[in-house]
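Chain by chain, the residues run as shown.
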Amino acid sequence: MTAGTKRNEIAPGMTVGVVQKQDQRSGNVTEGVVKKILTNAASHPHGIKVMFESGIVGRVKEIKK
């Protein structure tokens, strides 16, 4: 699995890169700070869906250190 597919790897306050719904074709990654985790399942093959503090929603593709 790639980064961001397991819910236990992500926590509010972390900086992550997500792909928004409208960017799925281009794969454009948007960076931000997680406000809340929207995916209830333990894992998701396309990435855990999160909401940033700015209100942007997307699926996690990379976790920033």
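It should be noted that the structure appears before, not after, this text.
Note that this is a predicted model, so its numbers are computed, not measured.

About the thresholds
Residues numbered from 1 in each chain as written. Predicted model: local features only at pLDDT ≥ 70, side-chain atom pairs only at ≥ 80, totals over all residues. Heavy atoms only, no water. Helix = DSSP H or I, 4+ residues; strand = E, 2+ residues; numbered from the N terminus. Buried < 20%, exposed > 50% of the residue type's maximum accessible area, 1.4 Å probe, protein only. Lys, Arg positive; Asp, Glu negative; His and termini not counted. Charge placed at Lys NZ, Arg CZ, Asp CG, Glu CD. Salt bridge = Lys/Arg side-chain N within 4 Å of Asp/Glu carboxyl O. Pairing = 2+ DSSP bridges. Axes fitted to C-alpha atoms, helices over the stretch in contact; angles between N-to-C directions.

Draft legend 1. The overall build of the protein chain, seen in detail. For the protein chain, the count of helices and strands is zero helices and four strands. The secondary structure elements of the protein chain, listed N-terminal to C-terminal, are β-β-β-β. Looking at the protein chain as a whole, 34% of its 65 residues are labelled buried. In the protein chain, the 11 positive side-chain charges and the 5 negative ones have mean positions that sit 8 Å from each other.

Draft legend 2. Focus on the pattern of salt bridges. Going through the model one piece at a time under the given rule, you end up with two salt bridges. The closest approach of N and O atoms between E31 and K64, which form a salt bridge, is 3.3 Å. In this pair, E31 sits in strand β2 (residues 29-37) while K64 sits in the segment after β4 (57-63), placing the two residues 33 residues apart along the sequence. The partner of K64 in a salt bridge is E62, with the nearest N and O atoms 2.6 Å apart.

Draft legend 3. View of the sheet that holds strand β1 (residues 15-19). Judged by pairing direction, the barrel is antiparallel, and its four strands sit side by side in the order β1-β2-β3-β4 before closing back on the first. Sheet twist, expressed as the mean angle between neighbouring strand axes with direction ignored, is 75 degrees. Two elements, β1 and β4, share four bridges in a ladder whose sense is antiparallel. Within β4, the position partnered with V18 by the bridge is V60.

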